[in-house]
Amino acid sequence: MNIFYFIYEAILGILKRPLIFILNLFIFIIPIYFTGTSFFLYREGRVILSREKEKWGNFLVEVDSGADIRFLKEQVKSLKEIKGLKDTADTGSGKIVFQADLNIDLNDALKIEETKRMITDLKGVKFVKYQGEEIEYMENRNLLFAGICLFLGIISSIFVVKYIRSALKKESELNKERINILELAGATPFFIYSIFMAKGLLAGAASILLTLLFLRISLENIFISSHLQFFIYPSTLFIVAAGSLFLINIDYYMTIKKEIKI
């Protein structure tokens, strides 16, 4: 059997009813998108944020203009919670600022606050900012979004199942005449299935690409800030691909099953 024939027939079938194909495609994308997002946030997002927390786990210390900078730095460096200092320039405002890298467990919020208070209480310190605050906020938001997306994924999956049931009869009637012609021409059930499953594979491939595109755009806007670097991990790609191909192909299989005479 020629695989190109199946692909040709699948494309021909899509072009005959493009609006129905596009509608079905986007309906199937919804639960896959939410499930993929939830999986990414819970599994991969935590890894990304943990890595970024190490990168941004430091204090920015602003010093009064009349303070003894050298003595103040020695005081900060002497704290066992500090592993090193780095000079930083803020030429726009003329502030004197240096960075203090932490030598503590960055998941211990109480210890971080205690260290911040000790540095703030030093004479000559005007302001102390913990740069990891944004990452901590994102970690909390990450779990919330993961839970919300999982819930929406389950709800939309139920909707898709109901949609499949309601659309099953109509789609079967649309395919009935074509299936009867193929059977009269001597086509085997496997041959007929292959034509429609090829259509399902094309739809699955399109849904994978669109889902990953939507996933990338949404994560950049609602989860990942501009300075964080990330990519779609293979595990998330597998979840999206497997879910898309399974849901779409099971739909195409069920819509023609009753019409084929075995």
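Rules used throughout
- Residues numbered from 1 in each chain as written.
- Predicted model: local features only at pLDDT ≥ 70, side-chain atom pairs only at ≥ 80, totals over all residues.
- Heavy atoms only, no water.
- Helix = DSSP H or I, 4+ residues; strand = E, 2+ residues; numbered from the N terminus.
- Buried < 20%, exposed > 50% of the residue type's maximum accessible area, 1.4 Å probe, protein only.
- Contact = heavy atoms within 4.5 Å.
- Areas by Shrake-Rupley, 256 points an atom, 1.4 Å probe, with all protein chains shown as cover.
- Pairing = 2+ DSSP bridges.
- Polar contact = N/O pair within 3.5 Å; in protein donor to acceptor, adjacent residues only side chain to side chain.
- Salt bridge = Lys/Arg side-chain N within 4 Å of Asp/Glu carboxyl O.
- Expected span 1.5 Å × (residues − 1).
- Bend = angle between axes of the 7 residues up to and from the residue.

(A) Main features of the overall build of the protein. On a plain count of helices and strands, the protein comes out with seven helices and four strands. Mapped from its N terminus to its C terminus, the protein presents α and β elements in the order α-α-β-α-β-β-α-β-α-α-α. The buried share of the protein, reckoned over its 262 residues, is 43%. Counted over contacts in the protein with a minimum sequence separation of 6, partners at least 24 positions apart contribute 81%. For the protein, the accessible area works out to roughly 15200 Å², and carbon and sulfur atoms hold 64% of it.

(B) Summary view of the pairing of strand E1 (residues 58-63). Of all six residues in E1, five are buried, a share of seventy percent or more. Direction of pairing for E1 relative to strand E3 (residues 95-102): antiparallel, over a ladder of six bridges. Each residue of the ladder has a partner; that of Asn58, found in E3, is Asp101. Examined bridge by bridge, E1 and strand E4 (residues 125-130) share five bridges and lie antiparallel to one another. Pairing of Leu60 across the sheet is with Lys129, part of E4.

(C) Seen up close, the side chain of Glu81. Of note, Glu81 is situated in the loop between helix H3 (69-77) and strand E2 (82-90). A polar contact of 3.4 Å, which involves the side chain of Glu81, links it to the side chain of Lys111. Among all residues touching Glu81, those that are not within four sequence positions of it are Asp101, Leu102, Asn103, Ile104, Lys111, Thr115 and Met118.

(D) Layout of the pattern of salt bridges. Applying the stated rule across the entire model yields four salt bridges. One salt bridge connects Glu81 with Lys111, and the closest N-O pair in it is separated by 3.4 Å. Here Lys111 lies in helix H4 (residues 109-120) and Glu81 lies in the loop between H3 and E2, a separation of 30 residues in the sequence. Given a relative accessible area of 24%, Lys111 falls into the partly exposed group. Between Arg117 and Asp121 there is a salt bridge, with its nearest N and O atoms 3.6 Å apart. Taking the relative accessible area as the measure of exposure, Arg117 reaches 47% and is therefore partly exposed. Using a relative accessible area of 55% as the deciding quantity, one classes Asp121 as exposed.

(E) The arrangement of the environment of Ile69 in detail. Tracing the sequence through the fold places Ile69 in helix H3. Take Ile69: its relative accessible area is 24%, and that puts it in the partly exposed class. Apart from the residues within four sequence positions on either side, Ile69 is in contact with Val63, Asp64 and Ile96.

(F) Focus on helix H2 (residues 18-56). When the terminal C-alpha atoms of H2 are compared, their 49 Å separation across 39 residues is substantially less than the 57 Å that a helix rising 1.5 Å per residue should span. Of all the bends in H2, the greatest measures close to 45 degrees and is centred on Gly45.

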